[in-house]
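Secondary and tertiary structure notes
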Amino acid sequence: MNNTIYSINGPVVTVKDTKDFAMMEMVYVGDANLVGEVIGITDDRTTIQVYEETSGLRPGEPVKGTGAPMSVTLGPGILTNIYDGIERPLRDIHEKSGAFIERGADVPALDQTRRYDVTVLVKPGDELSGGSIYATCPETPVILHKCMVPPNMSGTVTEVMPSGSYTVNDTVVRIKTPSGTIESLTLCQKWPIRTARPASLRKPISLPLVTGQRVIDTLFPIAKGGAAAVPGGFGTGKTMTQHQLAKWCDADIIVYVGCGERGNEMTQVLDEFGELIDPKTGNKLTDRTVLIANTSNMPVAAREASIYTGITLAEYYRDMGYHVAIMADSTSRWAEALREISGRLEEMPAEEGFPAYLPSRLSQFYERAGYMVNLNGTEGSVSIIGAVSPQGADFSEPVTQNTKRFVRTFWALDKSLAYARHYPAINWTESYSEYVDDLTAYYNEKVSPDFLTCRRRISTLLAEEASLMEIVKLIGADVLPDDQKLTIETAKAIRLGFLQQNAFHKDDTYVPLEKQLAMMKIILYVNDRCEAIIKRGVALSELVELGLFDILAGMKYEIPNDHPEAFDRLYEKIDTALAPFEKTAAEGTVNAQ
Amino acid sequence: MSIQITGLSSINGPLVVLDHVTGASYDEVVELILENGTTRTGRIVQIEGDRVVVQVFEGTNGLSLTNTRTRLTGKPMELALSTEMLGRIFSGAGKPIDGLGEVYGADYRDINGKPLNPVAREYPRNYIRTGISSIDGLMTLIRGQKLPIFSGSGMSHNKLAAQLVCQSQLSDDSNEKFAIVFAAMGVNNDVADYFKRVFEESGVLENVVMFLNLANDPIIERILAPRCALTAAEYLAYEHGMNILVIMTDMTSYAEALREFSSSKGEIPGRKGYPGYLYSDLASMYERAGIVKGGTGSVTQIPILTMPNDDITHPVPDLTGYITEGQIVLDRALDQRGIYPPVSVLPSLSRLMKDGIGEGFTRADHADVANQLFASYARVQDARALGSVIGEEELSASDKAYLVFGREFEQHFISQDSRENRTIQDTLELGWDLLSLLPRSELSRMDASLVEKNYNPDRAKRFRSDR
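Quantities reported herein were computed from a predicted structural model and do not represent experimental measurements. (Residues numbered from 1 in each chain as written. Chains lettered and ligands numbered in written order. Predicted model: local features only at pLDDT ≥ 70, side-chain atom pairs only at ≥ 80, totals over all residues. Heavy atoms only, no water.)

**Here we look at the overall build of chain A**
Rules: Helix and strand assignments follow DSSP, with helices taken as H or I runs no shorter than four residues and strands as E runs no shorter than two, numbered in order from the N terminus. With C-alpha atoms as the basis for the radius of gyration, the globule rule is written as 2.2 Å multiplied by the number of residues raised to the power 0.38. Buried means the residue's accessible area, taken with a 1.4 Å probe over protein chains only, is under 20% of the maximum for its type, while exposed means over 50%, and partly exposed covers the values in between. A contact between two residues is defined here by any heavy atoms of the two lying within 4.5 Å. In summary, the charge assignment counts Lys and Arg as positive and Asp and Glu as negative, without counting His or the chain termini. To locate a charge, the coordinates of NZ of Lys, CZ of Arg, CG of Asp or CD of Glu are taken.
Across its full length, chain A carries 16 helices and 26 strands. Scaling as 2.2 N^0.38, a compact globule of 593 residues should have a C-alpha radius of gyration of about 25 Å, and chain A matches this with 28 Å. Expressed along its principal axes, the backbone C-alpha trace of chain A runs to roughly 95 × 55 × 40 Å. Every one of the 593 residues in chain A was classed for burial, and the buried ones make up 61%. Summarising the internal contacts of chain A: among those between residues at least 6 apart in sequence, 70% fall at separations of at least 24. Between the averaged position of the 58 positive side-chain charges in chain A and that of its 78 negative side-chain charges there is a distance of 1 Å.

**Quick word on the interface of chain A and chain B**
Applicable threshold: Put simply, buried area is how much 1.4 Å-probe accessible surface two parts lose in total, over both of them, once they are put together. Any carboxyl oxygen of Asp or Glu within 4 Å of a side-chain nitrogen of Lys or Arg constitutes a salt bridge here.
Each partner contributes residues to the interface: chain A has 75 residues there, and chain B has 71 residues. Carbon and sulfur atoms make up 54% of the area that chain A and chain B hide from each other, which totals about 5900 Å². Looking at the side of chain A facing chain B, the largest losses of area belong to Phe234, Asn264 and Arg421 of chain A, adding up to 14% of the total buried there. There are 2 salt bridges connecting chain A and chain B. Its salt-bridge partner being Arg45 of chain A, residue Glu48 of chain B comes within 2.7 Å of it at the nearest N-O pair.

**Side note on the pairing of strand β7 (residues 71–74) of chain A**
Residues and elements named next belong to chain A. Here is the rule: When DSSP finds at least two bridges between two strands, those strands are taken to pair.
Of the two faces of β7, both are covered, the one formed by Ser71 and Thr73 as well as the one formed by Val72 and Leu74. Pairing of β7 with strand β17 (residues 189–192), which is carried by 4 bridges, proceeds in the antiparallel orientation. Pairing of Leu74 across the sheet is with Gln189, part of β17.

**Comments concerning helix α7 (residues 358–366) of chain A**
All names here are of chain A. Which entries qualify depends on this criterion: The directions considered for the arc are those from the helix axis to the C-beta atoms.
Among the residues of α7, those classed as buried are Leu358, Leu362, Ser363, Phe365 and Tyr366. In an axial view of α7, the angular spread of the buried residues amounts to 160°, which keeps them on one side of the axis. The secondary structure elements touched by the buried residues of α7 are β19 (227–231), α5 (300–319), β22 (323–329), α6 (331–344), β24 (379–388) and α8 (398–406).

**Regarding helix α12 (residues 482–499) of chain A**
This is how the line gets drawn: How far a helix is expected to stretch is found by multiplying one less than its residue total by 1.5 Å.
Taking 1.5 Å of rise per residue, the 18 residues of α12 of chain A would be expected to cover 26 Å, and the 24 Å separating its terminal C-alpha atoms lies within 8% of that figure. Tucked inside the fold, the buried residues of α12 of chain A contact α2 (214–219), α11 (450–475), α13 (513–535), α14 (540–545) and α15 (548–558) of chain A.

**So, the packing of helix α6 (residues 278–286) of chain B against helix α7 (residues 315–323) of chain B**
Residues and elements named next belong to chain B. Operational definition: Axes, fitted as lines to C-alpha atoms, cover a helix only where it is in contact. Angles between the N-to-C directions of the axes lie from 0 to 180 degrees. Throughout this description, any angle smaller than 35 degrees is read as roughly parallel, any larger than 145 degrees as roughly antiparallel, any in the 65 to 115 degree range as roughly perpendicular, and the remainder as oblique. Helix crossings fall into two classes, left-handed where the near helix is turned counterclockwise from the far one by less than a right angle and right-handed where it is turned clockwise. Think of it as three bins: nonpolar holds Ala, Val, Leu, Ile, Met, Phe, Trp, Tyr, Cys and Pro, charged holds Asp, Glu, Lys and Arg, and polar takes everything else, Gly as well.
For the pair α6 and α7, the least separation of the axes is 10 Å and the interaxial angle reads 50°. Classified by the angle between their axes, α6 and α7 sit oblique to one another. The interaxial crossing formed by α6 with α7 has right-handed handedness. Contacts from Leu278, Tyr279, Leu282, Ala283 and Tyr286 in α6 reach Pro315, Val316, Leu319, Thr320, Tyr322 and Ile323 in α7. Residue composition of the contact of α6 with α7, grouped by class: 10 nonpolar, 1 polar and no charged.

Next comes the structure, spelled out in structure tokens:
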């Protein structure tokens, strides 16, 4: 059956009078074999979106079906790689076609020649079901790759190859399925990107995704298996926040999707992650990272697919029992790709030209996050951190508003904080996290029962400061009573010393929870001591002159992460400085230490 | 092989429709031959079976359904390229308009370019010295960066662009070849003349390739102009190892041309009537800035756009800001107070700055000084707001110090003569002089030792004696 192109409009191509294609089927378009996907079928027209530039296509060129939906290849070799939106390795494309990306590049997703040191775990007669692990191989120095039976397959092992060195396409196990066919299992498998990989059970959230960023871990935590959104106008540090999380969060695997963003940024990630060492494993950060780069000048339809490619890779590693974090920068560009294609299809637009199915697509994506018990009994999680680029930094636009409904952590980036170079520019009055209650047990048991108490006090102080500043804006700070002035001083110390974090400082770029707690405690200690002293009639200005608050603002640099005992010296310093004021009255001092 | 189609089926704005066309390919260039012998060029923008939609670059004035024959060329829109383009002036569609004849093409390239593989990119690290304190000090331009100027009608963006062209120097190795590609889109004659004159006076004219699409030229050529310019820039940069600075003005006119074209095609509009693909379209140009690994050339872009009604949330500046690596925002209030260049420091930003400054590039304390200046100037705004409510006299001592700092910062750091070329040393020392106006305890963004070494209230005296 010869199907040929009938019409061409940007990335949208149609075929006339055919019933050969299935919805969402992957097709090859034209003589150059451009990758496309069927997105609409009527009785006389089949509509296809093409993942590559359509210049030069002619009506009459062939369109070939593949019989399968748009899929990615899953197997060892994914980590450390950099892919385009439809899992084509950009390094191989570079070797093949030079610095600029040519169309119709046909390169396999996984290195076909690399040999892995495979350990086969099953023996003939074993019953395998979907998700069962039949072999393992070290993929990178830190990640053991586990080869699993595809979720929709099961059977009895009939033949097993000895453990040894194999490439991704070598058969290592054969199984006989219940219907009697023999299936060969290699190191890799395919999975359609728009279908979530199944798991047996969704578990309640209980672990935080520790990021080492104080404002996030303390005030607005995200859980393993949770979803967070980072909205912010340009220049507020969305990408910087994403990079920091990709570098330091305690997930096992990072999937970083650069969706319609800058090429130079992807290059920066490539360069930096290749050099940085993961403090937990001592290995390079790239060893646990896969990048998906669909920069803003690459074809728009592939941008739409890149998000799904990313989440499918993430789910695959979750199935092995790993904790995976996926950063999508930026989901707005993905939504715009939807809008662009929807416009080409002349669909009826809803808000701001976005298609009416925007919310359902967003929810489908965010719902693929979760803490799961996998089919093979292991536990793993996928956490999603999606950047949102609201038009005109206006959070009331459709993408931000709809995203807000499906995520439980919201880090609102603030232009005025960014202008004042307060980074991370996460606004503490607009942001929220609904995971705090789920994580209470973890904080109490694994960190300290004080953690949440301190957290509450810190956020109360910040809220009080916000309302005091309303007054200060009108009449100045001088007229406030000393206890309110103290609140402002303490809140300033919290902002400068705690919330602001320097991504370029060797210690401050990542701060463990214990140090975060110690920092909160000492800030509150100074606050409480001063409060007691002021109550006895000492003027706050005298206390401010001691420079205590400056010490608090500077402690993030002064105290190395691996020397918590330095806090003791700080307490001594504070006690010595405050000692003269204690003499004025003998009654009980508060000791929060 | 030259298929010719006689007549047209319909004409709508810059678009014509032809029926019974065989062998047409998407994005192909066609020639329309009029009865009077003149020819126009067009491009196929939609194909539906044997019906094709063509956009005519020179406009459809004078075309009728019967007086035209159309010839398919079988090629996408290509530009003839050679080093001889330097010193020449072209139309938006890449045709020479300086009367010096055709350019012999050593190479032909599709003007749409191809996406640069992120793997092949070199991360930009070398700064370009512009000699302008506000830019060098606070939003350093890096080679391979795209850093737009957000301006408004009537502000001095052209003067600033001209100064950038005349003063820009590569930090190291000044022997490297440096050239400018200039694309004017929808600007009036005076502006085009102004730039021509500036290039002439500063003696760089033979190193400039100009693409001019004036305000009364066809809008389709306006859509082509930046693409031709960038194709020329890429050719010179990557084939001839030159460092190219591309100045494109005015991107707002470009976007309006795109909107006009989109609406004549009957496309569904997005925000403010601009097509839904405005982001992708702008990105396909801005992303052509960069450096290819292993080469010596670079493409640096300074697009200039006027914000309609000075509104930075308007789709054009907004989407531009999301693609480019920072922005230089001009401020009308500063402009009205006679401060040139009227750079509004707080919303301005250079994203690549952090990796291109400091030890080995500019000076070790650059990042600290810049951060502190930003933070302090942000405080000035608070102090001013408070002062305007309760009166300056009522402000605390530190707020008063901020007011003085703000005033002097604007007068001496931001403001400079349009011919003044400051070194990085000058700029950073000036920064320290200004910071010395503030109480020492306010310099919280910096290492104490750095403050110890450089902070000195005496340095600030020069400002007080000025007044």
